[in-house]
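Descriptive structure summary
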Amino acid sequence: MIVLGVESSCDETGLALYDTGRGLLSHALHSQVAMHEEYGGVVPELASRDHIRRAIPLLQQTLEEAGIAAADIDAIAYTQGPGLAGALLVGSSIACSLGLALDKPVLGVHHLEGHLLSPLLASDPPEFPFVALLVSGGHTQLMRVDGVGQYELLGETLDDAAGEAFDKSAKLLGLGYPGGPAISRLAEFGDPAAYKLPRPMLHSKDLNFSFSGLKTAVLTVVKKQEAANVCEQDKANIARGFVDAIVDVLVAKCVAALKQTGLKRLVIAGGVGANSQLRAALNAAAAKKRFRVYYPELEFCTDNGAMIAFAGAMRLSINPDAARRDYAFNV
Ligand code: KG4
Ligand code: ZN
């Protein structure tokens, strides 16, 4: 069965074709980062308009790369939510229109399920069950995953998501959008001893997170340094202080989740999963505590169509009736 995946929840238009027999056939992505950069963040209406412009040419590209015709698609999966309403409506309209035109069934996929299952697209995928850390721009969750659709929430952020903390702290440091990769690069040059920032909820007995206090701590040191005319090295030191703090908390909670569940497999998903400092710290913890950590391919950490095609295919393999031909979907 060949499933077309359509991702349009935020600032990336992703199209992909996944074959349950042969694996991922092709995928194409257009990032709107350059377009939103000058505004310092995603402008929702511009995002929607760009999805409309990009989606069909990207579909043509994926079909060409896969060497198949549109009529060979068996089902269409699109990101139903969460995300920007206008952007989601574009993906949903395109999926339903294609479904009607090709006489194929359509199903909505939860964006986070796409992220959660994306490590299974790797060449050496984890087996179930595992603990998953989902760290994106909108969410930070720890989950026990026993199979497709069998998810138990173990803990989540009580305020900002990890990616949001990266982006907001980067903004405070005057770095561009998206801030995550920028603050991570700058942190490489920072002195780890210069700023010891708070590690919120590090010692709480639960598996929840809180990152808004860390962002406020960054604001406080930035303000202090601005008054004293902040230099480039100082910016790097603050970035390092921030990254070390957030990575410490994420790693400690992952280790606690593994201990609580008794599992030995940890899966990382979502945009922050691309972070090199987080990966290094998790790898070190895995070697020390004897668990195995799995990451999605770097290109599938951030939003993409492949994870939606894959999650749709997995859903359909459990329940073939999950896709419908009435084309009456909510986003
Ligand atoms: O999963 P994603 O593409 O979109 C959402 O579903 O939210 O995640 C985007 C988030 C942004 O906050 C971005 O700054 C962050 O992932 N991100 C990173 C890195 N690459 C992306 N954060 C830290 N280090 C990175 N290398
Ligand atoms: Zn995402």
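Residues numbered from 1 in each chain as written. Chains lettered and ligands numbered in written order. Predicted model: local features only at pLDDT ≥ 70, side-chain atom pairs only at ≥ 80, totals over all residues. Heavy atoms only, no water.

This is how the line gets drawn: UniProt positions are given in the numbering used here, feature names are shortened, and annotations may be inferred rather than shown by experiment.
As annotated in an unreviewed UniProt entry, the chain carries the name tRNA N6-adenosine threonylcarbamoyltransferase and comes from Pseudoduganella umbonata. UniProt annotates the chain under Subcellular location (unreviewed entry) with the comment "Cytoplasm".

1. Thoughts on the coordination of the zinc ion (ligand 2)
Operational definition: For Na, K and Ca the donor cut-off is 3.2 Å; for every other metal, N, O and S atoms count as donors within 2.8 Å. Water does not enter the count, which can leave sites looking incomplete. Working rule for geometry: tetrahedral if four donors all subtend angles between 85 and 135 degrees; square planar for four, octahedral for six, if opposite donors exceed 155 degrees and the others stay between 65 and 115; irregular in every other situation. Note on conventions: DSSP H or I runs of at least 4 residues are helices, E runs of at least 2 residues are strands, and numbering of each starts at the N terminus. Exposed residues in this analysis have more than 50% of their type's maximum accessible area, buried residues have under 20%, and partly exposed residues fall in between, with area computed by a 1.4 Å probe over protein chains only.
Note on the zinc ion (ligand 2): its protein donors are His 111 (NE2), His 115 (NE2) and Asp 303 (OD). The metal-donor distances range over 2.0 to 2.1 Å. Metal-centred angles of 94 to 130° between the four donor atoms at the zinc ion (ligand 2) mark the site as tetrahedral. Along the chain, the residues that donate to the zinc ion (ligand 2) are spaced as H-x3-H-x187-D. In this pair, His 111 and His 115 are both assigned in helix H4 (residues 111–117), four residues apart and thus about one turn of the helix distant. One exposure class covers both His 111 and His 115, and it is buried.

2. Here's the deal with the UniProt feature "binding site: substrate" (unreviewed entry) in the chain
Put simply, the rule reads: Two residues form a contact once any of their heavy atoms are found within 4.5 Å.
As recorded in UniProt, the feature "binding site: substrate" (unreviewed entry) lies at Leu 134, Val 135, Ser 136, Gly 137, Gly 138, Asp 167, Gly 180 and Asn 275. Checked against the element boundaries, Leu 134 lands in strand E6 (residues 130–135). Residue class for Leu 134 comes out buried when judged on its relative accessible area of 0%. Setting aside anything within four residues of it in sequence, one finds Leu 134 in contact with Leu 112, His 115, Leu 116, His 139, Thr 140, Gln 141, Met 143 and Ala 269. Tracing the backbone through its elements, the reader meets Asn 275 in the loop between strand E9 (265–269) and helix H9 (276–289).

3. What about the packing of helix H8 (residues 232–261) against H9?
Let me state the cut-off plainly: Comment: axis = line fitted to C-alpha atoms, over the contacting stretch for helices; angle = value between 0 and 180 degrees taken between N-to-C directions. Each crossing gets its handedness from the near helix: less than a right angle anticlockwise from the far helix is left-handed, clockwise is right-handed. Three residue categories are used. Nonpolar comprises Ala, Val, Leu, Ile, Met, Phe, Trp, Tyr, Cys and Pro, charged comprises Asp, Glu, Lys and Arg, and polar comprises the others, including Gly.
Two elements in contact, H8 and H9, have axes separated by 10 Å at closest approach and are oriented at 35°. For the crossing formed where H8 meets H9, the hand is right-handed. Contacts between H8 and H9 involve Val 243, Val 247, Leu 250, Val 251, Cys 254 and Val 255 from the first element and Gln 277, Leu 278, Ala 281, Leu 282, Ala 285 and Lys 289 from the second. The residue inventory of the contact of H8 with H9, partitioned by class, reads ten nonpolar, one polar and one charged.

4. Section: the confidence of the model for the chain
As a reminder, the rule being used: pLDDT expresses how confident the predictor is about each individual residue, on a scale running from 0 to 100.
When pLDDT is averaged along the chain, the result is 96; 99% of the residues meet or exceed 70. For this predicted complex, the interface score ipTM comes out at 0.98, alongside a pTM of 0.94.

5. Comments concerning helix H10 (residues 305–318)
Definition in use: By this rule the span expected of a helix is its residue count minus one, scaled by 1.5 Å.
The end-to-end C-alpha distance of H10, which contains 14 residues, comes to 20 Å, matching closely the 20 Å that a straight helix rising 1.5 Å per residue would cover. Within H10, eleven of the 14 residues are buried, which leaves the element mostly enclosed by the surrounding structure. Restricting attention to buried positions, one finds in H10 the residues Gly 305, Ala 306, Met 307, Ile 308, Ala 309, Phe 310, Ala 311, Gly 312, Ala 313, Met 314 and Leu 316. Against strand E1 (2–7), strand E2 (12–19), strand E3 (23–31), strand E4 (75–81), strand E5 (106–110) and H4 lie the buried residues of H10.

6. Some points on the sheet that holds E6
Stated precisely, the cut-off is as follows: Pairing between two strands requires that DSSP report at least two bridges joining them.
Pairing within the open sheet is mixed, and its five strands lie in the order E8-E7-E6-E9-E10. Looking at strand neighbours, the two that pair on one side only are strand E8 (150–156) and strand E10 (292–294), the edges of this open sheet. Between one strand axis and the next, the sheet turns through 25° on average, direction left out of account. Examined bridge by bridge, strand E7 (residues 140–147) and E8 share six bridges and lie antiparallel to one another. Across the sheet, residue Val 145 finds its bridge partner in E8, namely Tyr 151.

7. What to know about the sheet that holds E3
Overall, mixed pairing links the five strands, which are arranged E3-E2-E1-E4-E5 in an open sheet. Looking along the sheet, the strands with just one partner apiece sit at the ends: E3 and E5. Going from strand to strand, the sheet's axes swing by 20° on average, the running direction of each strand aside. Relative to E2, E1 runs antiparallel, the two sharing six bridges. Residue pairing in the sheet places Leu 4 in a bridge with Leu 17 of E2. Sheet strands touched by helix H3 (residues 85–102): E1, E4 and E5. Its angle to E4, the strand with the most contacts, is close to 160°.

8. Some remarks on helix H2 (residues 44–66)
Two residues of an α-helix separated by three or four positions point the same way, owing to the 3.6 residues in each turn. Note the following rule: Bend at a given residue is defined as the angle between two axes, one fitted to the seven residues that end at that position and one fitted to the seven that begin there.
The end-to-end C-alpha distance of H2 is 31 Å, a good match for the 33 Å that 23 residues give at a rise of 1.5 Å each. The sharpest bend along H2 measures roughly 35° and falls at Arg 54, with the proline Pro 57 sitting one to four residues further on. Contacts from the buried residues of H2 go to E1, E2, E3, helix H1 (33–37) and H3. Positive backbone phi, at 70°, marks Gly 67, one or two positions downstream of H2.

9. Some remarks on the site of ligand 1
Rules: When we say a residue is near a molecule or strand, we mean one of its heavy atoms is within 4 Å of it.
For ligand 1, the set of nearby residues contains 18 residues, the closest of which are His 115, Gly 137, Asp 167, Gly 271 and Asn 275. Looking at the shell around ligand 1, the element that brings in the most residues is helix H5 (residues 162–172), giving three residues.

10. Remarks on the pattern of salt bridges
Cut-off, in case you're wondering: Basic side-chain nitrogens of Lys or Arg form a salt bridge, by our definition, when they fall within 4 Å of a carboxyl oxygen of Asp or Glu.
A full pass over the atoms with the stated rule returns 16 salt bridges. A salt bridge links Asp 103 to Arg 325; the shortest N-O distance between them is 3.0 Å. Remark: Arg 325 occurs in the segment after H10 and Asp 103 occurs in the loop between H3 and E5; sequence separation between them is 222 residues. Take Arg 325: its relative accessible area is 47%, and that puts it in the partly exposed class. One salt bridge in this structure joins Arg 292 and Asp 124, with 2.5 Å as the shortest N-O distance. One end of the pair, Arg 292, is in strand E10; the other, Asp 124, is in the loop between H4 and E6, with 168 residues separating them in the sequence. A relative accessible area of 40% places Arg 292 in the partly exposed class. Judged by its relative accessible area of 43%, Asp 124 is partly exposed. Through salt bridges with shared partners, one network takes in Asp 160, Glu 164, Lys 168 and Lys 215.

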